[in-house]
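Architecture and fold: a report
The residues making up each chain are set out below.
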Amino acid sequence: MGLTHFDENGKALMVDVTDKKETVREATAEGRIFVNKEVFQAIREGTAAKGDVLGVAATAGIMGAKRTSELIPMCHILPITNCRVNFEMEPKECAVLCTCTVKVTGKTGVEMEALTGVSVALLTIYDMCKAMDKAMEIGEICLVKKTGGKSGDVYNETRGSGTKKEISIL
């Protein structure tokens, strides 16, 4: 498949989705923030000086997903029908796993919205905890799955493992 965001002269453009069929589309992305033990404990116990880190980060992730078209120039404005941001504490890695799932009934997918939601949520954790740890690392951000649309269902077999991503189309 060729690049779709360029015209015949190589200039950037927004893809025309006028003639595409509306379908239910969903995308899930994930990423991690690696923190020190003090930050991990403060997040888990809810004792960070700036308050409920994961609650604020979840709200920020949803807001980020809703505003993706304002950040990524060629993204369409989408009427998101659902967005969920979840966190899983990973004590062994001293990390927080963030997952963002976005749903829409529309003519184009919500992969960028899910990826933006994860990114903004993780950046919010960094912002709220930077006084305790300026060496936090955000990474392993990837698309986990997408459903709906012309290309069908796509699943990332490595789910953010840090290795080369193999995407399988079913």
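Residues numbered from 1 in each chain as written. Predicted model: local features only at pLDDT ≥ 70, side-chain atom pairs only at ≥ 80, totals over all residues. Heavy atoms only, no water.

**Looking at the packing of helix α2 (residues 53-66) against helix α4 (residues 111-129)**
Between α2 and α4, the shortest axis-to-axis distance is 7 Å and the interhelical angle comes to 145°. Judged by the sense of rotation from one axis to the other, the crossing of α2 with α4 is right-handed. Across from V53, L54, V56, A57, A60, G61, G64 and A65 in α2, the residues of α4 making contact are E113, T116, G117, V120, A121, T124, I125, M128 and C129. Across the contact of α2 with α4, the residue classes tally to eleven nonpolar, five polar and one charged. (Axes fitted to C-alpha atoms, helices over the stretch in contact; angles between N-to-C directions. Helix = DSSP H or I, 4+ residues; strand = E, 2+ residues; numbered from the N terminus. Left-handed = near helix turned anticlockwise from the far one by under 90°. Contact = heavy atoms within 4.5 Å. Nonpolar A, V, L, I, M, F, W, Y, C, P; charged D, E, K, R; others polar.)

**Here we look at the nonpolar core**
Membership of the largest hydrophobic core comes to 33 residues, with the highest contact counts inside it found for I43 and I125. Mapped onto this core, the elements with two or more residues apiece are β1 (23-34), α1 (37-45), α2, β2 (82-90), β3 (95-106) and α4. In terms of residue count, α4 provides more of this core than any other element does, seven residues in total. (Core = buried A, V, L, I, M, F, W, Y, C linked by side-chain atoms within 4.5 Å. Buried < 20%, exposed > 50% of the residue type's maximum accessible area, 1.4 Å probe, protein only.)

**Some thoughts on the environment of L115**
Within the fold, L115 resides in helix α4. A C-alpha to C-alpha distance of 9.0 Å links L115 and T101, two positions 14 residues apart in sequence. The residues touching L115, leaving out its near neighbours within four places in the chain, are A29, I141, C142 and L143.

**Details of the pairing of β1**
Where burial is concerned, most of β1 is hidden: nine out of the twelve residues are buried. Direction of pairing for β1 relative to β3: antiparallel, over a ladder of twelve bridges. By the bridge assignment, G31 is partnered in β3 with C98. Sheet topology places β1 next to strand β4 (residues 137-147); eight bridges connect them, and they run antiparallel. Paired with E30 across the bridge in β4 is C142. (Pairing = 2+ DSSP bridges.)

**Examining the pattern of salt bridges**
Pairing is possible between side chains that carry opposite charge, provided their charged atoms lie close to one another. As enumerated under the stated definition, the model contains four salt bridges in all. Taking the shortest distance from any N to any O, the salt bridge between R32 and E140 comes out at 2.9 Å. In this pair, R32 is assigned in strand β1 and E140 in strand β4, connecting sequence segments 108 residues apart. Take R32: its relative accessible area is 13%, and that puts it in the buried class. For E70, the salt bridge goes to R67, with nearest N and O atoms at 2.8 Å. A single salt-bridge network, built from bridges that share partners, covers R32, E90 and E140. (Salt bridge = Lys/Arg side-chain N within 4 Å of Asp/Glu carboxyl O.)

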